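Now for the letters of each chain:
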Amino acid sequence: MADSIHSGSTFQNVKMVDRLVQSEANGRRIAYVEQCFGASGQPLNVPGRALVGEGVLTKMCRKKPKPRQFFLFNDILVYGNIVINRKKYNQQHVISLEDVKLEDVQDEGSPFYTKDGKPALRNGWKLISPSKSFVVYAATSTEKHQWMSHIKKCVDDLLIKQGKTQNTENDSPVWVPDSEATLCMHCKKSQFTLINRRHHCRKCGIVVCKDCSSNKWLLPQQASKPLRVCLTCYQTLSDTKLAVPAPNTHAIDDSSGDSSTDDDEESANQEVNEENKLIPEGQFKSYD
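Every chain is numbered on its own, with residues counted from 1 as its sequence reads. Whole-chain, interface and lining totals are the exception, using all residues; otherwise, since this is a predicted model, local features are given only for residues with pLDDT of at least 70 and side-chain atom pairs are given and counted only at 80 or more. With hydrogens and water stripped out, all remaining heavy atoms of the structure feed into the side-chain values.

Moving on: unusual backbone geometry. The phi torsion of most residues other than glycine is negative, and most of the peptide bonds are trans. Within the chain, Arg 86 stands out as a residue other than glycine whose phi angle is a positive 65°. Counting from the N terminus, the helices are DSSP H or I runs at least four residues long and the strands are E runs at least two residues long. Within the secondary structure, Arg 86 is located in the loop between strand S3 (76-84) and strand S4 (88-96). Even without a glycine there, the phi angle at Gln 91 is positive, about 50°. For Gln 91, the location among the structural elements is in strand S4. Only protein chains enter the accessibility calculation, which uses a 1.4 Å probe; a residue is then buried when its area is under 20% of its type maximum, exposed when over 50%, and partly exposed in between. For Gln 91, a relative accessible area of 35% puts it in the partly exposed group.

Written as structure tokens, this is what we have:
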């Protein structure tokens, strides 16, 4: 009985997406998203694609949480920096939905502030995939439920349509924010300073010092070039027969090797604007 209910729900979802795909409004919406990202964004209006919903979420970036505009399609999730709300975005990122998993995140602190007096982050969940994983927060619990349920429906429908099952072996880690590590999380000794910089292991996501992340490894699901990994992960990968070691396994101490390849590198003006930017409630807009 449960299987038949699930099948009926899936059929209704597929019909809904088919109606969206065939509508003129869907084409106009996708064209406008492309226009907002400009020439730096990739083409999004492809056959069979529908824009299911959109809205603003707070994304936990490497240094601090920041508002980002998200667009949920029936096969991909797109997000970017907000330059002008509803008019211009940059730093476009595209994640395929077929390998996306969701994990709930417990609310922190009181309804308003944490123990150290910082604004509490609530209504969050992890968005996990092979290429990139991170935590996002909605403005309200209702909005969180809307986002998670719509993403799950799109993922389930896509897997059924393609006849695939998800693989969790190569999922990228959720990075530990810089602010949560004053000491190297590997050796537990090295203290971070302006000179002794923080680095992230691309395999497990912990914050480590230079000496504890002196090796690189090829993680093809994340990048085409070798990435920095901690000593423990390097040893584990070396012991795995199916793993592919990097041609040059010594990590060069440069800033490019520690970028999150995300949206943390922004102009000073944009940083100031984001400090004063509030996340409006009820931002999820569904087109189903």
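Before going further, it helps to examine the packing of aromatic side chains. Between the rings of Phe, Tyr and Trp (Trp by its six-membered ring), a pair exists once the centres lie within 6.5 Å; its type follows the angle of the planes, with under 30 degrees stacked, over 60 edge-to-face, and the other angles tilted. In this structure the tally under the stated criterion is nine aromatic pairs. Measuring from centroid to centroid gives 6.2 Å for Phe 37 and Phe 71, while their planes differ by 65°, and the two rings are edge-to-face. In this pair, Phe 37 sits in helix H2 (residues 24-37) while Phe 71 sits in strand S2 (residues 65-73), placing the two residues 34 residues apart along the sequence. Per residue, the accessibility class of Phe 37 equals that of Phe 71, and both read buried. Ring-over charges, as used throughout, are those where CZ of Arg or NZ of Lys falls within 6 Å of the ring centre and within 35 degrees of the ring normal. Lying over the aromatic face of Phe 73, Arg 49 brings its terminal NZ or CZ to 5.9 Å of the ring centre. One residue, Lys 59, lies across the ring of Phe 134, its end atom 4.9 Å from the ring centre.

In this section: the pairing of strand S7 (residues 134-137). The two faces of S7 match: Phe 134 and Val 136 on one face and Val 135 and Tyr 137 on the other face are all buried. Strands were regarded as paired on the criterion that DSSP finds at least two bridges between them. If you look at the hairpin formed by strand S6 (residues 124-128) and S7, you'll find five residues sitting between the two strands.

Attention now goes to helix H4 (residues 231-239). Three or more residues of H4 are buried, namely Cys 233, Tyr 234 and Leu 237. Along the long axis of H4, the arc covered by the buried residues comes to 100°, so they all point the same way. For this quantity, the arc is that covered by the directions from the helix axis to the C-beta atoms.

This next bit is on the nonpolar core. Buried residues of nine kinds, namely Ala, Val, Leu, Ile, Met, Phe, Trp, Tyr and Cys, make up a nonpolar core once their side-chain atoms join them within 4.5 Å. Counting residues in hydrophobic clusters, the biggest one holds 22 residues, and the most contacted among them are Phe 70, Leu 72, Leu 97, Trp 125, Trp 147 and Ile 151. Elements with a contribution of two residues or more to this core: strand S1 (51-60), S2, S3, S6, S7 and helix H3 (141-162). Per-element tally for this core: the top contributor is H3, with seven residues. In this analysis, two residues are considered to be in contact whenever any of their non-hydrogen atoms come within 4.5 Å of each other. Among all residues touching Trp 147, those that are not within four sequence positions of it are Glu 54, Gly 55, Leu 57, Phe 70, Leu 72, Leu 77, Trp 125 and Phe 284.

Note that all results are geometric; they support no functional claim without further evidence.
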